[in-house]
Amino acid sequence: MSTPTTDSPARIRRIYDGHAGLYADSLVSEAAALLDAYLATAEQHGLDRKAADEEGWLALSAAEAISRKYSRPKTERTSAELSQLVRELNTALTAEGLEVVPTQIRMGTGVAPLPGGPTWGMNGGLAIALYSDSGWHLMANVARTTVHTIHAPDNADGAREVAQLVHRVLRGDVADPFRRNR
């Protein structure tokens, strides 16, 4: 696969920033590489790169294709696989300096709010859940909440990226996924 151009990651990030979910940096890189491959193919067919994606459909296609790849597993995970991923997530959250707390969310891991950061619900924290037939999910650490998909690989590297994203949300470094009119 070709090396992403400087512009492709920025274009992919703008697309993902307009969606309700959260996207791991590795997905941005992968989608940017796919976009560059699309543009290289367009060049092979005699199209100028700018003209080939003037309307942004190739960038959108690359972004959507990669996000769908990580929205749910190819096969259902076993309870042992889920437990391993939750352990990896807890380790990654702790490595990020975050406090893992109890949650009533099934298959969830609670995370305490950070001093000075945004808060949600009664206790202010967040929860991350992962199920046998879906990807990562972010929600307020309360019984009834809005759920946002975190598009990230379902492995140890993905767990680290999820922990980094959650840390950025808790610090207020990324747009609040729970805010209306995001």
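Above this note sits the structure.
Everything in this summary refers to the structure shown in the same document. (Residues numbered from 1 in each chain as written. Predicted model: local features only at pLDDT ≥ 70, side-chain atom pairs only at ≥ 80, totals over all residues. Heavy atoms only, no water.)

### Brief notes about the environment of Val 174
Now for step 1: Take Val 174: it is sitting in the segment after helix H6 (156–171).
Now for step 2: Sequence separation of Val 174 and Arg 72 is 102 residues, and the distance between their C-alpha atoms is 24 Å.
Now for step 3: Those residues within four positions of Val 174 in sequence are excluded, and the remaining contacts are Arg 168 and Val 169. (Helix = DSSP H or I, 4+ residues; strand = E, 2+ residues; numbered from the N terminus. Contact = heavy atoms within 4.5 Å.)

### Side note on the nonpolar core
Now for step 1: Counting 42 residues, the largest nonpolar core has Ile 12, Tyr 16, Ile 128, Trp 136, Ile 150 and Val 166 as the members making the most contacts within it.
Now for step 2: With five residues, the next largest nonpolar core counts Ile 105, Ala 129, Tyr 131 and Met 139 among its residues. (Core = buried A, V, L, I, M, F, W, Y, C linked by side-chain atoms within 4.5 Å. Buried < 20%, exposed > 50% of the residue type's maximum accessible area, 1.4 Å probe, protein only.)

### A look at helix H1 (residues 7–17)
Now for step 1: Buried within H1 are the following residues: Ser 8, Arg 11, Ile 12, Ile 15 and Tyr 16. Across the axial projection of H1, the buried residues extend over an arc of 135°, all falling on one side.
Now for step 2: Elements that come into contact with the buried residues of H1 comprise strand E1 (22–23), helix H2 (25–44) and helix H4 (57–69). (Arc of directions from axis to C-beta.)

### Let's talk about the sheet that holds strand E4 (residues 126–130)
Now for step 1: A sheet is described by the order of its strands in space; here six strands give the open sequence E1-E6-E5-E4-E3-E2, paired in mixed fashion. Either end of the sheet is taken by a strand with one partner, and the two such strands are E1 and strand E2 (100–101).
Now for step 2: Lying over the sheet, helix H5 (residues 79–95) contacts E2, strand E3 (108–111), E4 and strand E5 (136–140), oriented at roughly 10° with respect to E3. (Pairing = 2+ DSSP bridges. Axes fitted to C-alpha atoms, helices over the stretch in contact; angles between N-to-C directions.)

By themselves, these are just geometric observations and shouldn't be taken as functional.
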